[in-house]
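One-letter residues, chain by chain:
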Amino acid sequence: MDQGRGTSFMEFLAREQVGMSPGLSQVVSSIVAGCGLIHKQVNLAGLADVLGVTGATNVQGETVQKLDAISRDIIVRHCLTCDQIAAIATEEDEQMIPGSTTGTYLVTLDPLDGSSNIDVNVGVGTIFSVWLRPLKSRPVQETDFLQAGTEQLVAGYIIYGSSTMLVITLGKGVNGFTFDPGAGLFLLSHPNIRIPDKPKYFSVNEGNWSRWAIQIQTLVSQLKDRLSARYIGSLVADFHRNLLKGGIFLYPADTKSPGGKLRYLYEVATMSLLAERAGGRASTGSLPALQHRPTALHERVPFFVGNQDEVEQIERTFAS
Ligand code: AHM
Ligand code: MG
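Quick caveat, the model's predicted, so the values are computed rather than measured. (Residues numbered from 1 in each chain as written. Chains lettered and ligands numbered in written order. Predicted model: local features only at pLDDT ≥ 70, side-chain atom pairs only at ≥ 80, totals over all residues. Heavy atoms only, no water.)

S.K.: I'd like a rundown of the coordination of the magnesium ion (ligand 2), residues and numbers included.
M.R.: At this site the magnesium ion (ligand 2) is bound by D110 (OD), D113 (OD) and E267 (OE), with donor distances of 1.9 to 2.1 Å. Every donor residue of the magnesium ion (ligand 2) comes from the same chain, spaced as D-x2-D-x153-E. In this structure, D110 and D113 share a single accessibility class: buried. (Donors = N, O, S within 2.8 Å, 3.2 Å for Na, K, Ca; no water. Buried < 20%, exposed > 50% of the residue type's maximum accessible area, 1.4 Å probe, protein only.)

Structure below.
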């Protein structure tokens, strides 16, 4: 059975997700359309860099911005045209950005994840989640965003890699759509993604070794005995590989980042929902990651995600 391979994402959204409210579909469409434009910019990144160093203006006389700022502007602009979105919070903005006063949904975004890889042609991505606005009787407040990961309505990412792909969960299952640049469409290429039972890789920045607690050092030593190492340094790319091939990604706390490095609302919550819906597990070490409730917009947490057995092993280590 081809499981609908080749179906465009918009068709999929309309046909398969009949239980979704039309407003929520509009929100998702706006985000995905914005990512189509970011895809174009990422593909031009080398050129933008050349133009940037020649005088920091492009052929139109506009200032050449860094790609992460360009991506942020594109996606925020797109979201603001959708009257279903009440407010947006992004990794790039200190405060939330108010949207439509009548909007029903909140959006959290990492517009371009993997900053250190932007200029060197290595996979980067956009990470997003959609949440329900808790109260419509008053203007949105930042505290409205402080929800546990279990409350997410939609979670997904776009990876701008050797091809561009959308990986998304809309309520059940995880599906992957590959971008066809000729048609300008995301087409279903990876229906019902399940993380393979057997892990292949462990992914962690071992440059942080001397800053880890002994228990993390011991854990990573044990992983080295059993699994192959793969680490890119873009969460989207590291997560995507492990989702398709099986593995465990770790970003533990260290003495430089005592609360962990990755941000709960823009990175951890999204990947946790995708992992769990694909049969994997996600944890902060002390709590299943989806149960964590952040106390600040830009809160960071330690993060462990991947095959269920591997993450459970880590949770046992923390509990002992
Ligand atoms: P960014 O959102 O500013 O790009 O930072 C987050 C990135 C993640 O994509 C990645 O997992 C991590 O930082 C890599 O960190 P490090 O360079 O410390 O290994
Ligand atoms: Mg990021």
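The structure having been displayed, the exposition proceeds.
S.K.: Give me empty space enclosed by the protein: which residues, what numbers.
M.R.: This structure, assessed with the given rule, holds one cavity of 30 Å³ or more. For the largest cavity, the calculated volume is near 40 Å³. Surrounding the largest cavity, I195, F239, N242, L243, F249, A275, V305 and G306 form its lining. At the level of secondary structure, the elements contributing two or more residues to the lining of the largest cavity comprise helix 6 (235-245) and strand 15 (303-306). In terms of residues, the lining of the largest cavity owes the most to one element, helix 6, which gives three residues. Its residues assigned to classes, the lining of the largest cavity shows six nonpolar, two polar and no charged. (1 Å grid on protein atoms, 1.4 Å probe; cavity = no way out; pocket = protein on both sides within 12 Å on 5 of 7 lines; lining within 4 Å. Points joined across faces, edges and corners; volume = space filled by probe spheres on them. Helix = DSSP H or I, 4+ residues; strand = E, 2+ residues; numbered from the N terminus. Nonpolar A, V, L, I, M, F, W, Y, C, P; charged D, E, K, R; others polar.)

S.K.: Got a sec to walk through the side chain of D113? Specific residues and values, please.
M.R.: Note on placement: D113 falls in strand 3 (residues 105-113). Of the side chains with opposite charge, R263 lies nearest to the buried D113, which makes no salt bridge, at 6.3 Å. Within the local environment of D113, its side chain forms a polar contact with the backbone nitrogen of V236, the two atoms lying 3.2 Å apart. Among all residues touching D113, those that are not within four sequence positions of it are V124, G125, I127, S234, L235, V236 and E267. (Lys, Arg positive; Asp, Glu negative; His and termini not counted. Salt bridge = Lys/Arg side-chain N within 4 Å of Asp/Glu carboxyl O. Polar contact = N/O pair within 3.5 Å; in protein donor to acceptor, adjacent residues only side chain to side chain. Contact = heavy atoms within 4.5 Å.)

S.K.: Outline helix 4 (residues 67-80), listing residues and values.
M.R.: Taking 1.5 Å of rise per residue, 14 residues should cover 20 Å, and helix 4 covers 20 Å from first to last C-alpha, within 8% of that figure. Turning to helix 4, its buried residues are L67, D68, I70, S71, R72, I74, I75, V76 and C79. (Expected span 1.5 Å × (residues − 1).)

S.K.: Tell me what's going on with unusual backbone geometry, and back it up with residues and numbers.
M.R.: Look at N121: it is not a glycine, yet its phi comes out positive at around 60°. With respect to the helices and strands, N121 occurs in the loop between strand 3 and strand 4 (124-132). A residue is classified by how much of its surface remains accessible, and N121, at 81% relative accessible area, is exposed. Even without being glycine, N192 reaches a positive phi, approximately 45°. Structurally, N192 is set in the loop between strand 8 (185-190) and strand 9 (201-203).

S.K.: A description of the side chain of N242 should follow, citing residues and the corresponding values.
M.R.: Along the chain, N242 turns up in helix 6. Only 3.1 Å separates the side chain of N242 from the side chain of R241, close enough to count as a polar contact. With sequence-adjacent residues up to four places away left out, N242 is seen in contact with I195, Y201, S203, G247, I248 and F249.

S.K.: Any details on the packing of helix 2 (residues 22-43) against helix 4? Residues and values, ideally.
M.R.: Here helix 2 crosses helix 4 at 155°, and the two axes come no closer than 8 Å. If you check the angle between helix 2 and helix 4, you find them roughly antiparallel. Here the hand of the crossing between helix 2 and helix 4 comes out right-handed. Facing S30, I31, A33, G34, C35, L37, I38, Q41 and V42 of helix 2, the residues of helix 4 in contact are L67, I70, S71, I74, I75, H78 and C79. Along the lines of polarity and charge, the residues of the contact of helix 2 with helix 4 split into eleven nonpolar, five polar and no charged. (Axes fitted to C-alpha atoms, helices over the stretch in contact; angles between N-to-C directions. Parallel < 35°, antiparallel > 145°, perpendicular 65-115°, else oblique. Left-handed = near helix turned anticlockwise from the far one by under 90°.)

S.K.: A description of the nonpolar core should follow, citing residues and the corresponding values.
M.R.: If you look at the biggest cluster of nonpolar residues, it comprises 42 residues, and the most contacted ones within it are F145, Y157, M271 and F303. When residues of this core are traced back to their parent elements, those giving at least two are strand 1 (85-90), strand 4, strand 5 (154-160), strand 6 (164-169), helix 6, strand 11 (247-251), helix 7 (264-277) and strand 15. Top contributing element to this core by residue count: helix 7, with nine residues. Both domains that furnish three or more residues to this core are identified here as domain 1 (2-190) and domain 2 (201-319). Setting aside its immediate chain neighbours within four residues, F145 contacts A87, I88, A89, M96, L106, V107, T108, V140, L265 and L297. Core analysis: the second largest hydrophobic core is formed by 41 residues, M20, V28, V32 and I70 among them. (Core = buried A, V, L, I, M, F, W, Y, C linked by side-chain atoms within 4.5 Å. Domains from an automatic or database assignment.)

S.K.: Would you mind going over the site of ligand 1 in detail, with residue names and values included?
M.R.: Taken together, 16 residues lie around ligand 1, and S115, N205, Y231, L235 and Y251 are the ones closest in. For ligand 1, an oxygen atom lies 3.2 Å from a polar atom in the side chain of D110. Taking Y251, its side chain carries an N or O atom lying 2.6 Å from an oxygen atom of ligand 1. For ligand 1, whose accessible area on its own is 470 Å², the fraction buried by protein is 85%. Split by residue class, the shell around ligand 1 holds five nonpolar, five polar and six charged. If you count residues domain by domain, the shell around ligand 1 takes at least three from each of domain 1 (2-190) and domain 2 (201-319). (Near = heavy atom within 4 Å. Areas by Shrake-Rupley, 256 points an atom, 1.4 Å probe, with all protein chains shown as cover.)

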